[in-house]
Amino acid sequence: MSSIDSNNSSVAIATSDLPQFPLPEQDQEELLKVMMEESDYVDPPMTRSEYIASLGGLPDLVTTVPYNRLEYFAKASIPSDITPEEYARKGIAAAIASRLPPFALHPLEYSLLKSGINHLHVSTYLNIRNGILFLWCMNHHVTVTRTEAAGCARDPRFFGLAEAAFEFLVRHGYINFGVIDVPRCRNNFPYQLPIPPDRRPRLRIVVIGAGMSGLGCARQLDGLCKQYDDFLTGYEDSPEIVILEARSRIGGRVYSAMLKKDPTDTKIFKVDLGAQIITGFSHGNPMSVLIRKQLGLPCYQLKDAGELYDEVTGGSISRSLDKRAEELFNDMLDRVSTYRAPPILQHTVEGDASFVLAGKDPSGEGGRTIGRMEANSADVPPLEPSSLGSKAALKSLDLLRESTPSAPKMTFGRPYGSKAPQTALDVKLEQLGFSVSKSACSQLANTTTDPLPKGNAPTLGATLDGQLEIVRKVCELTDQDLRLLNWHYANLEYANASAVHNLSLGSWDQDDGNEFAGKHCMVQDGGYMQVPRALYLFPSKLDVRLKSIVKEIKYDSTKDNSRKKYNVVLESGENLSADRVICTLPLGVLKANSVKFTPELPEIKRNSIQNLGFGVLNKVVLVYDHCFWDADSDLIGVARDRNSGDYMAQDSYVQSRGRFYMFWNCTNVVGKYCLVALMAGAAAFETSIQPDNVLIRDATHVLSRMYPHVSVPHPTETIITKWHMDPFAHGAYSYVGPNATGQDYDNLASSSNDDTLFFAGEATSRTHPATVHGAYLSGLRVAEEVFRSIVGDVTLSSPLVKPKPKPNMPLQTETVTFPPPPKSAYVGDVPPPPPKPVVLPQISLEELLLRERMEADGESSNSGAVITKRRKPGPRPRTKTSESSTTSVSGLPRTIQSNGMLLTAPTGKSATSSRSQQGGPSNISRHEGLTHLARYRQLKNNRMSAHQSACDTAVTVMLRHEQPMKPEKAQLNPYIIYQKRNWESCRAQADSQRQQVLRDPTSRAPMADIRALLGQQWRSLTDTQKQEYIDETNRNRIENERRMEEYNKRVAEYEAKVQKFRDDWLQQNPSFESEEEQKELALAKLGGVA
Ligand SMILES: Cc1cc2nc3c(=O)[nH]c(=O)nc-3n(C[C@H](O)[C@H](O)[C@H](O)COP(=O)(O)OP(=O)(O)OC[C@H]3O[C@@H](n4cnc5c(N)ncnc54)[C@H](O)[C@@H]3O)c2cc1C
């Protein structure tokens, strides 16, 4: 026995810990020596990930222990009581509920997996990944374990894919996140990791800000550290996470203030002064998991329809006028969307929807990895960033019912998904009921119909005003039309927390398409702040240090890695050292430069801080002792009059349109008669300019105009927010300024100082800015980044998918018998005991060479233990991404690898052509040992069989239910009919005879006795007695013939239908020769190799 001695963290590596398969004697010794040398060689102290990296990547030493995987059970987590299609449907729904495209890889999954999987594996991976998400969605209170995740694989060959999916989902916060108790997972990693000899001091991670992003990030990091405890054994302890918060409360811009208590009641009433609306719970809003699934907080669902009033005319506006103005405004927005910046397409690949829908994994091996295909410039078209994959397929499953967010008239967030309209302006205006001047129209047509944006950084406001000018030239708008249009301007200014004249024309709605579907809600009885409070408290309190105003973040890059490089300086004069800093300061605070960064932030980040806007929205809370408004409306809008000047000039409305333009009826949420009036756009700043009593008086005046027949009382209690004056916010939320684009959000999100300073917060969320869920998601993102900076990238097993067993090549996993899955293998079931280790056959040199050839062919191979055992120590690129390392992991000494002549070399002719094609130094074909023609045939066969099985699956999915059932045949033997009828009476007779003989009343006659008696009785029957059974046989024969005739007819019809379906399918889904096939064929022709 030998050991790596490392003080108290020593780990003994006994020979019994070495791979259990037979190895030649000297190999075991060599492996031990390597392990010893590595341990002596490392320069302590070093992290686990550094240690693993110094070994040249995780899988080398680690996958040499393949039997750890025996604790995985294929199919164990797949419910056996539902059909594969139903299971697939649930997985697809779970993916949608998790913001992941069910039929395609997320771009991050794509970059993680592309060097390990081929196109055929994508569907298998998606099936597994969707299955894991389904497990999580079934119960958001319990974490999904690695073993459960592996149970979503249908075949042990795919455990590598299951591990990859699990790693991706856990690390990126798609599963196992939120307010749950995460069990500490020690010794839970399938690989046995060596513990480095010296441990590093405990890391300290400082999070600045206890808003949704800061708390969400800290909670997630805490969970990740527990789930990956095995990875952190290189440190003296799990990282210490400290949150520094300037205020004397948590929550940041989520703040539920307490209203005055009722003297007669002990109940507490809270009103939200910051975030209040949860915009849609469907399609992956993480708030849905936190609020509904984990905390079970009561939510109030907002009604779609709101009432709209006119300040000037008094009373409400007719629905038709209201609708017309809304449609006109949306049309104007659509027209200016011509100038919209094109969406950025992200690279990813789709799986085969027919397999994913059918819940089946494609058979066959597939060809080369996606990475290799792309290296050969195979064109993989990028998908739209928010693509949910095949929308048609989803529609067919009825899963996209809520895909278009229900945008209530008084909507929230970014309501206007705009597309340039097809209808001419005059036609549209006529459709809306405006009378259009034809002469003005033709005059306009001769000039331009587009309000061309002016200047280098055109704004949405100026361009919209230009569009409105054109509308007014073509038709006459009334002063009420203009008030109504300006109400919509105000609503847009509310959504962006800024006047439209500050918004970028091309990118103001760059996040469009990411909004969540479903009804908008408010958290009842205690307000939204219950969510950050829960993140802070559950399952155990986070270390939040209130009243800790950060003044400076100092980074000393000259310190060595073992020492804390950060010094976070507080206003109080205190200092806190740290290894990692997560800054969740609001954009307003960053803009105000109230926190100093030493060294200065990179220029690109500083520019983005400048480009993005940080807007203002304020609220005026009005509490009454009775309700005088329409109690049934949740949203009550009012079209405000112009501020001053000409009613036709747009400028006259800019200041007034957002002032008390909307009242939210919060009575049902707060528990008191309560209206929350909004101050948006230019008017938002007035809450600090005007005295409170002026504001309350004006609000009361507006309400009197809306309800002319009511005596509007003075509120009993009021709260007026001044978010722009708040030194720890400097405003409400971010918007896309004239010079900004979506890229600025990404720039703000990027880490600095060699991946040690990280940024989260709503203004770092390109897809969900200005929202609570965006802030929370940014916290999850950063938790992954920080965690990765500590433990390293996800390390994939190699090969990711093991090849199918081949008759002449017994592979290790083929011989391993996995027990059948437990009957109900849902979450929480205790896994069955691992099966006994199986002694595996030794793999011969010929087989190794064959595998080497397969690898060179781009097919994944089971590198397994034998293949990795000879790997030499020393730093190398990780196996995950490196093609070259895949070759080196192949287990053949380098001399053999480079000596292609050991393999069947192609003829000189083809070798020359292959070299000239590839420009490489080798004198053999890229697919060593296979002629180009053989390779071509192999590729073609693979493709054709994949195509055929896709067609088969489509047939199964679409026509399975129509397949006729073969009729059961009625009995055609008179004796059997007799036997059936008389069996029981004969058995009783035989029993009684036996009991008499044996004098045992409990004895029973054996079957043979009963049969003998029956035969005897049959023979003793007369012909007339037998005729009854013969007649029945004849009737049965006729019936059978009739049934078979009918069945054959139905089969013929079904087969014709299948054939037609196949023909149509194959026509609609033709299979084309790949570039590689064409290339191989061309080479084969050139080389003349037969
Ligand atoms: C009036 C208003 C209405 C809104 N309505 C909605 C809505 O209906 N729906 C919705 O989804 N979103 C809404 N939002 C936006 C939402 O509140 C924010 O997007 C989200 O809360 C931001 O979270 P965060 O963690 O990024 O920032 P914050 O919540 O601002 O957290 C940052 C933290 O940093 C702290 N901090 C600041 N400076 C320092 C310092 N020097 N030292 C230490 N700590 C510091 C702050 O005190 C704060 O706690 C609204 C916001 C406002 C203001």
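Anything mentioned here points back to the structure above.
Residues numbered from 1 in each chain as written. Predicted model: local features only at pLDDT ≥ 70, side-chain atom pairs only at ≥ 80, totals over all residues. Heavy atoms only, no water.

The next subject is the overall build of the protein chain. Per the secondary structure count, the protein chain includes 38 helices and 24 strands. Looking at the protein chain residue by residue over its 1090 residues, the buried ones come to 56%. Taking the contacts inside the protein chain whose residues are at least 6 apart along the sequence as the reference set, 79% of them involve residues at least 24 apart. Looking at the protein chain as shown, the accessible area adds up to about 47,000 Å², and 51% of this sits on carbon and sulfur atoms. (Helix = DSSP H or I, 4+ residues; strand = E, 2+ residues; numbered from the N terminus. Buried < 20%, exposed > 50% of the residue type's maximum accessible area, 1.4 Å probe, protein only. Contact = heavy atoms within 4.5 Å. Areas by Shrake-Rupley, 256 points an atom, 1.4 Å probe, with all protein chains shown as cover.)

Looking at the ligand, there are 37 residues lining it, with S213, E245, R247, R253 and V772 nearest. Within the backbone of Q276, one N or O atom sits 3.2 Å away from an oxygen atom of the ligand. When the free accessible area of the ligand is taken as 1,000 Å², the share hidden by the protein chains comes to 98%. Contributions of two or more residues to the shell around the ligand are made by α9 (212-227) and α27 (772-791). Of the residues assigned to the shell around the ligand, the class counts are 22 nonpolar, 11 polar and four charged. (Near = heavy atom within 4 Å. Polar contact = N/O pair within 3.5 Å; in protein donor to acceptor, adjacent residues only side chain to side chain. Nonpolar A, V, L, I, M, F, W, Y, C, P; charged D, E, K, R; others polar.)

All of the buried residues along helix α15 (residues 425-432) are L425, K428, L429 and L432. Each buried residue of α15 sits inside an arc of 100° when the element is viewed along its axis, so together they form one side. On its buried face, α15 is in contact with α11 (319-336) and α17 (460-474). Following α15 by one or two positions, G433 has its phi on the positive side, about 100°. (Arc of directions from axis to C-beta.)

Quick look at the side chain of N176 now. Within the secondary structure layout, N176 lies in the loop between α8 (159-171) and β3 (204-208). Within the local environment of N176, its side chain forms a polar contact with the backbone nitrogen of V144, the two atoms lying 2.8 Å apart. Here Q227 takes part through its side chain, which lies 2.9 Å from a polar atom of the side chain of N176. Once residues within four sequence positions are removed from consideration, N176 is found in contact with W136, T143, V144, F166, V170, Q220 and Q227.

All right, on to the packing of helix α21 (residues 603-611) against helix α26 (residues 742-749) then. Two elements in contact, α21 and α26, have axes separated by 9 Å at closest approach and are oriented at 130°. In terms of orientation, α21 lies oblique with respect to α26. The chirality of how α21 crosses α26 is left-handed. Here I604, K605, S608, I609 and N611 of α21 come into contact with α26, specifically with D744, N747, L748 and A749. The residue inventory of the contact of α21 with α26, partitioned by class, reads four nonpolar, three polar and two charged. (Axes fitted to C-alpha atoms, helices over the stretch in contact; angles between N-to-C directions. Parallel < 35°, antiparallel > 145°, perpendicular 65-115°, else oblique. Left-handed = near helix turned anticlockwise from the far one by under 90°.)

Our focus in this paragraph is the packing of aromatic side chains. Here the structure, examined in full by the defined rule, presents 23 aromatic pairs. Judged by centre distance (5.9 Å) and plane angle (75°), the ring pair of Y87 and F134 falls under edge-to-face. Here Y87, found in helix α4 (residues 84-96), pairs with F134, found in helix α6 (residues 119-138); they are 47 residues apart in sequence, far enough to count as distant. When sorted by exposure, Y87 lands in the same class as F134, which is buried. Summarising the aromatic geometry, the rings of F628 and W629 are spaced 5.0 Å apart at their centres and angled 85° between planes, so their arrangement reads as edge-to-face. Overall, F628 belongs to the buried group, its relative accessible area being 8%. For W629, a relative accessible area of 5% translates into the label buried. Aromatic ring contacts, followed pair by pair, group Y309, Y624, F628, W629 and Y707 into a single cluster. (Phe/Tyr/Trp six-rings, centres within 6.5 Å; stacked < 30°, edge-to-face > 60°.)

Moving on to the sheet that holds strand β21 (residues 673-679). The six strands are arranged β9-β19-β20-β21-β18-β22 in an open sheet whose pairing can be described as mixed. The open sheet terminates on both sides in strands that have one partner only, identified here as β9 (307-310) and β22 (717-720). Across the sheet, the mean angle from the axis of one strand to that of its neighbour is 20°, orientation sign disregarded. Of the strand pairs in this sheet, strand β18 (residues 618-624) and β22 are connected by four bridges, and their pairing is antiparallel. (Pairing = 2+ DSSP bridges.)

Across residues other than glycine, the phi torsion is negative in most instances, and most of the peptide bonds are trans. Looking along the chain, the bond that leaves F538 and enters P539 is cis, with omega of 0°. With respect to the helices, strands and loops of the structure, P539 is situated in the loop between α19 (530-537) and β11 (543-545). A cis amide bond, omega 0°, links T598 with the succeeding residue P599. Of note, N593 is a non-glycine position whose phi angle comes to about 55°, a positive value. Following the sequence through the fold, N593 ends up in the loop between α20 (587-591) and β16 (596-598). Residue N593 is classed as exposed on the basis of its relative accessible area of 62%.

A few words on the pairing of β9. Neither face of β9 is left uncovered, since the one carrying E307 and Y309 and the one carrying L308 and D310 both have all their residues buried. Two elements, β9 and strand β19 (residues 635-639), share four bridges in a ladder whose sense is parallel. Paired with D310 across the strands is A639, a residue of β19.

This part covers the sheet that holds strand β10 (residues 521-523). For sheets, the rule is that strands pair by backbone hydrogen bonds, running either parallel or antiparallel. Here three strands make up an open sheet; going across it, the order is β7-β10-β8 and the pairing antiparallel. Unpaired on one side and paired on the other, β7 (277-278) and β8 (299-301) mark the two borders of the sheet. Sheet topology places β8 next to β10; three bridges connect them, and they run antiparallel. Within β10, the position partnered with C299 by the bridge is V523.

Read these as spatial facts, not as claims about activity.
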